[in-house]
Amino acid sequence: VWQTASGSIGTFSAGSSISVQVTATGDATLAYSIASGSLAGGLSLNTSNGTISGTNSGTSESTTFTATIRVTDGQGQTSDRIVIQHQVLIMLTLP
C-alpha cells in the first residue's frame, strides 16, 4: 500500500540538492524501481528505501519530469505511483 500520494514531489531549482522519499508498506521486503519515464538529471532512486536524491542538474529551460515508481514486495506483487518533479531554471541578470 502506497503511503505517498500520486502527483508532485516538489519544485526545485536547477543545481539544488534534493532528498525526497516515496514510501509504501507491505508484508515483506519492498523494492522500488522506475517503471517508466525518468527523473531529472543528477537524481537517482534508492531501490531499497524509495529515496529520490542527488543534485538536480540544470537545463536551459524550466522542465517537468514525470516518472512511474513501482514498488514490488517479496511475493512479486507490484503497485505503481506516478511522481512529477518540476525543475525551474533560475537565471540571475547582473547589471
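Whatever comes next refers back to the structure up there.
On a predicted model such as this, the values are computed, not experimentally measured, just so you know.

K.L.:
Sorry if this is basic, but what is going on with the pattern of salt bridges here?
P.N.:
Pairing between side chains of opposite charge can happen when their charged atoms approach one another. Per the counting criterion, the structure on display carries one salt bridge. Residues Asp80 and Arg70 are paired through a salt bridge, measuring 2.7 Å at the closest nitrogen-oxygen approach. On the criterion of sequence distance, the pair formed by Asp80 in strand β7 (residues 78-88) and Arg70 in strand β6 (residues 63-72) is long-range, its members being ten residues apart. Judged by its relative accessible area of 30%, Arg70 falls in the partly exposed class.

K.L.:
When you look at the nonpolar core in this model, what are you seeing that I'm missing?
P.N.:
Grouped burial of nonpolar side chains is what soluble globular proteins tend to show. Of all hydrophobic cores here, the largest spans 19 residues; its most connected members are Trp2, Val22, Tyr32, Ile52 and Ile69. Taken together, the elements giving at least two residues each to this core come down to β1 (7-13), β2 (17-21), β4 (43-45) and β6.

K.L.:
Would you take a moment to explain empty space enclosed by the protein for this structure?
P.N.:
Gaps left between atoms show up when a probe the size of a water molecule is rolled over them. Counted by the stated rule, this structure contains one cavity of 30 Å³ or more. There is about 30 Å³ of room inside the largest cavity. Around the largest cavity sit Ile9, Ser38, Leu39, Phe65, Thr66, Ala67, Val83, Ile84 and Gln85, which together line it. Counting only elements with at least two residues in the lining of the largest cavity, the list comes to β6 and β7. A breakdown of the residues in the lining of the largest cavity according to their chemical character gives six nonpolar, three polar and no charged.

The rules we used
- Residues numbered from 1 in each chain as written.
- Predicted model: local features only at pLDDT ≥ 70, side-chain atom pairs only at ≥ 80, totals over all residues.
- Heavy atoms only, no water.
- Salt bridge = Lys/Arg side-chain N within 4 Å of Asp/Glu carboxyl O.
- Helix = DSSP H or I, 4+ residues; strand = E, 2+ residues; numbered from the N terminus.
- Buried < 20%, exposed > 50% of the residue type's maximum accessible area, 1.4 Å probe, protein only.
- Core = buried A, V, L, I, M, F, W, Y, C linked by side-chain atoms within 4.5 Å.
- 1 Å grid on protein atoms, 1.4 Å probe; cavity = no way out; pocket = protein on both sides within 12 Å on 5 of 7 lines; lining within 4 Å.
- Points joined across faces, edges and corners; volume = space filled by probe spheres on them.
- Nonpolar A, V, L, I, M, F, W, Y, C, P; charged D, E, K, R; others polar.

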